[in-house]
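Observations on the model geometry
Here is what each chain is made of, one letter per residue.
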Amino acid sequence: MRICSLGSGSKGNCIYINVEGEGIVIDNGLSCRELKNRMNSIGLDLSDINHILITHDHSDHIKGVGILARETGSMVYAHPQCYKAIMGRVGDVNYCGDNENYENGFKIGNVLIKPFRTPHDAAYSVGYRIEGEGKSFALATDLGVVTDSILKHLMNTDITIIESNHDIEMLKKGKYPDMLKRRIMSNRGHLANMETAKAVTKLAESSKRFLLAHLSEDNNLKELAYNETNNVLKKLGVTNEITLDVLDQYKPSKIFDI
């Protein structure tokens with residue numbers, strides 16, 4: 001299983017996974033040209049993509065989905081309520097997620113895809129757990145709170161991507177209007193660094209690599225996000241066992257081979 005981030009943040013999100021010979025991206029909020037450039041810079045190409053999983057309908061996650069799907073001939077998977085919200089924006093694509101029992105999971109070849117509901121102010125928002133080659137990966141971004149159900153989907157993974165969106169004090173003191181601040185801090189908004197850190201402490205017994213994602217450019221800093229989670233891991237005495245990285249908005253991550 002190979003995993004990398006091609007962009008993570010409010011200006012465009014895209015995660016690439018290759019497992020069991022299937023090339024999968026989760027979301028694409030980047031232009032096709034930008035995505036191609038970023039993939040080429042780490043030795044990948046658009047031709048390596050066969051399937052597109054969608055988390056929710058916000059533009060930073062689906063802006064480039066339609067063109068990418070037509071360019072690569074990829075199949076598109078989304079909960080039907082989510083697809084209904086985006087179909088006018090993505091245009092004609094090979095949609096194959098028309099199943100109200102979407103969260104029961106499905107297979108792409110030999111790869112098990114397990115969507116799970118996430119609390120966010122979108123038409124229908126999900127995270128994903130992906131299993132293949134005896135490995136497991138999970139992603140949970142754009143969520144206001146980490147529920148017990150979400151924690152179960154994030155346990156026992158080889159890599160977990162989890163949102164660490166904002167520093168609560170930066171957000172409170174920042175320039176955003178009060179209504180937007182309340183939306184971000186709500187249970188259908190985004191995770192604060194301290195909330196992410198609490199979740200990681202619960203997951204650290206069973207999962208050993210975490211990638212912090214979807215950082216706000218206005219209300220967070222990489223070092224704040226990293227330190228908040230790393231400090232709680234230090235208190236647990238497990239920093240030697242856990243690998244922690246922070247994903248970037250403008251640059252692809254390295255390719256994680258697991």
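Preceding this section is the structure that the text describes.
Rules of the game
- Counting of residues starts from 1 at the beginning of each chain's written sequence and follows it residue by residue.
- pLDDT decides what is reported in this predicted model: residues at 70 or higher carry local features, side-chain atom pairs at 80 or more are listed and counted, and totals for whole chains, interfaces and linings draw on all residues regardless.
- With hydrogens and water set aside, each side-chain value is computed from the structure's full complement of heavy atoms.
- Note on definitions: the grid is 1 Å and covers protein atoms alone; a cavity is a set of points where a 1.4 Å probe fits but cannot get out; a pocket is an open set with protein on both sides within 12 Å along at least five of seven lines; lining residues have an atom within 4 Å of a point.
- Grid points are joined across faces, edges and corners, and a volume is the space filled by probe spheres set on the points.
- The residue classification treats Ala, Val, Leu, Ile, Met, Phe, Trp, Tyr, Cys and Pro as nonpolar and Asp, Glu, Lys and Arg as charged. All others, Gly included, are polar.
- Pairing between strands requires that DSSP locate at least two bridges from one strand to the other.
- We count a stretch as a helix when DSSP gives it H or I for four or more residues in a row; a strand needs E for two or more, and each element gets its number in order from the N terminus.
- Each axis is a line fitted through C-alpha atoms, taken for helices only over the stretch in contact, and angles between the N-to-C directions span 0 to 180 degrees.
- It only takes one pair of heavy atoms within 4.5 Å for two residues to be counted as in contact.
- Counted as salt bridges are all cases of a side-chain nitrogen of Lys or Arg within 4 Å of a carboxyl oxygen of Asp or Glu.
- Burial classes follow relative accessibility: with a 1.4 Å probe on protein chains only, a residue under 20% of its type's maximum area counts as buried, one over 50% as exposed, and anything between as partly exposed.
- Paired rings are identified among Phe, Tyr and Trp, the last through its six-membered ring, by centres lying within 6.5 Å, and are further divided according to the angle between planes into stacked (under 30 degrees), edge-to-face (over 60) and tilted (the rest).
- Distance and angle both matter: a charge sits over a ring if NZ of Lys or CZ of Arg is within 6 Å of the ring centre and within 35 degrees of the ring normal.
- Think of it like this: strands point away, you trace from the first strand over the helix to the second, and a clockwise trace means the crossover is right-handed.

1. So, empty space enclosed by the protein
One pass over the full model with this rule turns up 1 cavity of 30 Å³ or more. Put simply, the largest cavity is a space of about 80 Å³. The wall of the largest cavity is formed by 13 residues, among which Asn13, Ile15, His61, Leu139 and Thr141 lie closest to the centre. The residue inventory of the lining of the largest cavity, partitioned by class, reads 7 nonpolar, 5 polar and 1 charged.

2. Regarding the sheet that holds strand β8 (residues 111–117)
Read across the sheet, 7 strands follow the order β7-β8-β9-β10-β11-β12-β13 without closing on themselves; strand pairing throughout is mixed. Edge strands, defined here as strands with exactly one partner in the open sheet, are β7 (106–108) and β13 (243–246). Across the sheet, the axes of successive neighbouring strands diverge by a mean angle of 20 degrees, strand direction being ignored. Across 6 bridges, β8 lies against strand β9 (residues 126–132) in antiparallel orientation. Paired with Pro115 across the bridge in β9 is Tyr128. Strands in contact with helix α8 (residues 193–203) are β11 (159–163) and β12 (209–213); relative to β11, the strand with the most contacts, it is inclined by about 160 degrees.

3. So, the side chain of Asn28
Looking at where Asn28 falls in the secondary structure, it is placed in the loop between β3 (22–26) and α1 (32–41). In this view, Asn28 contacts Asn13, Cys14, Leu35, His61, Ile62, Lys63, Gly64, Val65 and Leu68; residues no more than four positions away in its chain are not counted.

4. Examining the pattern of salt bridges
Summed over all chains, the structure comprises 11 salt bridges. The closest approach of N and O atoms between Lys208 and Glu241, which form a salt bridge, is 3.9 Å. A residue pair is termed long-range when its members are at least 10 positions apart, and Lys208 in the loop between α8 and β12 and Glu241 in the loop between α9 (222–236) and β13 qualify at 33 residues. Its relative accessible area of 47% is what places Glu241 among the partly exposed residues.

5. Focus: the packing of aromatic side chains
In this structure the tally under the stated criterion is 3 aromatic pairs. Judged by centre distance (5.2 Å) and plane angle (10 degrees), the rings of Tyr77 and Phe106 are stacked. Of this pair, Tyr77 sits in strand β5 (residues 75–77) while Phe106 sits in strand β7, and the two are 29 residues apart along the sequence. Under the relative-accessibility criterion, Tyr77 is labelled buried at 8%. Seen from their ring centres, Tyr83 and Tyr95 are 3.7 Å apart, and the 5 degrees between their planes marks the pair as stacked. Here Tyr83 is found in helix α4 (residues 80–90), whereas its partner Tyr95 is found in strand β6 (residues 94–95), with 12 residues between them in sequence. Chaining the aromatic ring pairs together yields one cluster made of Tyr77, Tyr102 and Phe106. The lysine or arginine in question, Arg117, covers the ring of Tyr124, its NZ or CZ lying 3.7 Å from the ring centre.

6. A short note on the pairing of β11
Counting buried positions over the 5 residues of β11 gives 5, a clear majority of the element. Where burial is concerned, the two faces of β11 agree: the one with Ile159, Ile161 and Glu163 and the one with Thr160 and Ile162 are both buried. Where strand β10 (residues 135–140) and β11 come together, 4 bridges link them in parallel fashion. Bridge assignment links Ala140 to a residue of β11, and that residue is Ile162. Running through helix α5 (residues 148–154), the crossover from β10 to the neighbouring parallel element β11 is right-handed.

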